[in-house]
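Structural description and commentary
Spelled out from the first residue to the last, the chains are:
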Amino acid sequence: MEFDLDKINKSIIRTLFENSRITISELAKLVHLSAPAVKERIEKLEDQKAILGYSLQTNSEALGYAITGFVQANILTGKEAAFQKAVTASSAITECYNVTGEKAYIFRVSVHTMSELDALLESFSNLCKTETSLILSETLSPRLPKTFK
């Protein structure tokens, strides 16, 4: 699908990415359009699936999840459907992606304790081989590509 990403639409996307709680009126002032025109552009971008939703960023540690990390998974033969079902059912898994390379999937986990992480990984042992990297600190928060101007 082709997106109508003119300078104003890009500015709208950038602004909403940085602050999804901005009002239509405030956004309209920033892009020098009327509020109804901005609302119409946002709706069109949503209809085109250029904007998929709005989100809240949280601090896992402040919410009590002291351990976060990424797990790479190499799925055992014939276990992909069961793996996908287990990932979807696990409340500790916050993101999951099918990727290229030696490992077929990478997913993000947030847990309270190391024993909780151990139990989670053990529950996947009959579905995949895993390699876990714990997050020590965040170097870069999610952002739009720098070339998106």
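Residues numbered from 1 in each chain as written. Predicted model: local features only at pLDDT ≥ 70, side-chain atom pairs only at ≥ 80, totals over all residues. Heavy atoms only, no water.

1. Side note on the nonpolar core
- One finds Ala-73, Phe-83, Ile-93, Phe-107, Val-109 and Phe-124 to be the most contacted residues of the largest nonpolar core, which totals 18 residues.
- For this core, the secondary-structure elements that each account for two or more residues are β1 (67–75), α4 (80–89), β3 (105–111) and α5 (114–123).
- Aside from chain neighbours lying at most four places away, what touches Phe-107 is Gly-69, Phe-70, Val-71, Ala-73, Phe-83, Ile-93, Glu-95 and Cys-96.
- Among the nonpolar cores identified, the runner-up in size contains 12 residues, and Ile-13, Ile-22, Leu-27 and Val-38 belong to it. (Core = buried A, V, L, I, M, F, W, Y, C linked by side-chain atoms within 4.5 Å. Buried < 20%, exposed > 50% of the residue type's maximum accessible area, 1.4 Å probe, protein only. Helix = DSSP H or I, 4+ residues; strand = E, 2+ residues; numbered from the N terminus. Contact = heavy atoms within 4.5 Å.)

2. Notes on the pattern of salt bridges
- Throughout the structure, instances matching the rule amount to 5 salt bridges.
- One salt bridge in this structure joins Glu-43 and Lys-39, with 2.5 Å as the shortest N-O distance. Here Glu-43 and its partner Lys-39 are both found in helix α3 (residues 35–47), 4 residues apart, which amounts to about one turn of the helix.
- The class for Glu-43 is partly exposed, based on a relative accessible area of 36%.
- Using a relative accessible area of 44% as the deciding quantity, one classes Lys-39 as partly exposed.
- A salt bridge links Lys-103 to Glu-102; its shortest N-O distance comes to 3.6 Å.
- In this structure Glu-102 comes out as exposed when scored by relative accessible area, which is 66%.
- A single network of salt bridges, built from pairs that share partners, joins Glu-102, Lys-103 and Glu-131. (Salt bridge = Lys/Arg side-chain N within 4 Å of Asp/Glu carboxyl O.)

3. Observations concerning the confidence of the model for the protein
- Looking at the protein, the pLDDT average stands at 94 and 98% of residues meet or exceed 70.
- Of all secondary-structure elements in the protein, the lowest mean pLDDT belongs to helix α1 (residues 7–18), at 94, while α5 reaches the highest, 98. (pLDDT = per-residue confidence, 0-100.)

4. With respect to the sheet that holds β3
- Pairing is antiparallel across the open sheet formed by 4 strands, whose spatial order is β2-β3-β1-β4. The open sheet has two free edges, formed respectively by β2 (93–98) and β4 (128–134), since each of these has just one partner strand. Strand-to-strand twist of the sheet, defined as the mean angle between neighbouring strand axes without regard to direction, takes the value 20 degrees.
- Bridging between β1 and β3 involves 7 bridges; their strand directions are antiparallel. (Pairing = 2+ DSSP bridges. Axes fitted to C-alpha atoms, helices over the stretch in contact; angles between N-to-C directions.)

5. Digging into the packing of aromatic side chains
- Under the definition given, this model contains 4 aromatic pairs.
- Relative to Phe-124, the ring of Phe-83 has its centre 5.8 Å away and its plane inclined at 70 degrees; by these criteria the two rings are edge-to-face. Taken together, the residues span a long stretch of sequence, with Phe-83 in helix α4 and Phe-124 in the loop between α5 and β4 at a distance of 41 residues. Each member of the pair Phe-83 and Phe-124 is classed as buried.
- Among the aromatic side chains, those forming a connected cluster through ring pairs are Phe-83, Tyr-105, Phe-107 and Phe-124.
- Here the basic side chain of Lys-10 rests over the ring of Phe-148, its NZ or CZ set 5.6 Å away from the ring centre. (Phe/Tyr/Trp six-rings, centres within 6.5 Å; stacked < 30°, edge-to-face > 60°. Lys NZ or Arg CZ within 6 Å of the ring centre and 35° of its normal.)

6. Here we look at unusual backbone geometry
- Residue His-32 is not a glycine yet carries a positive backbone phi of 60 degrees.
- Judged by relative accessible area, His-32 falls into the exposed class, the value being 72%.
- For Lys-49, which is not a glycine, the phi torsion comes out positive at approximately 65 degrees.
- Along the chain, Lys-49 turns up in the loop between α3 and β1.

7. Quick word on α1
- Over its 12 residues, α1 runs 17 Å from end to end, which matches the ideal 16 Å to within 8%, given 1.5 Å per residue.
- Residues of α1 that are buried sit in contact with α2 (24–31) and α3. (Expected span 1.5 Å × (residues − 1).)

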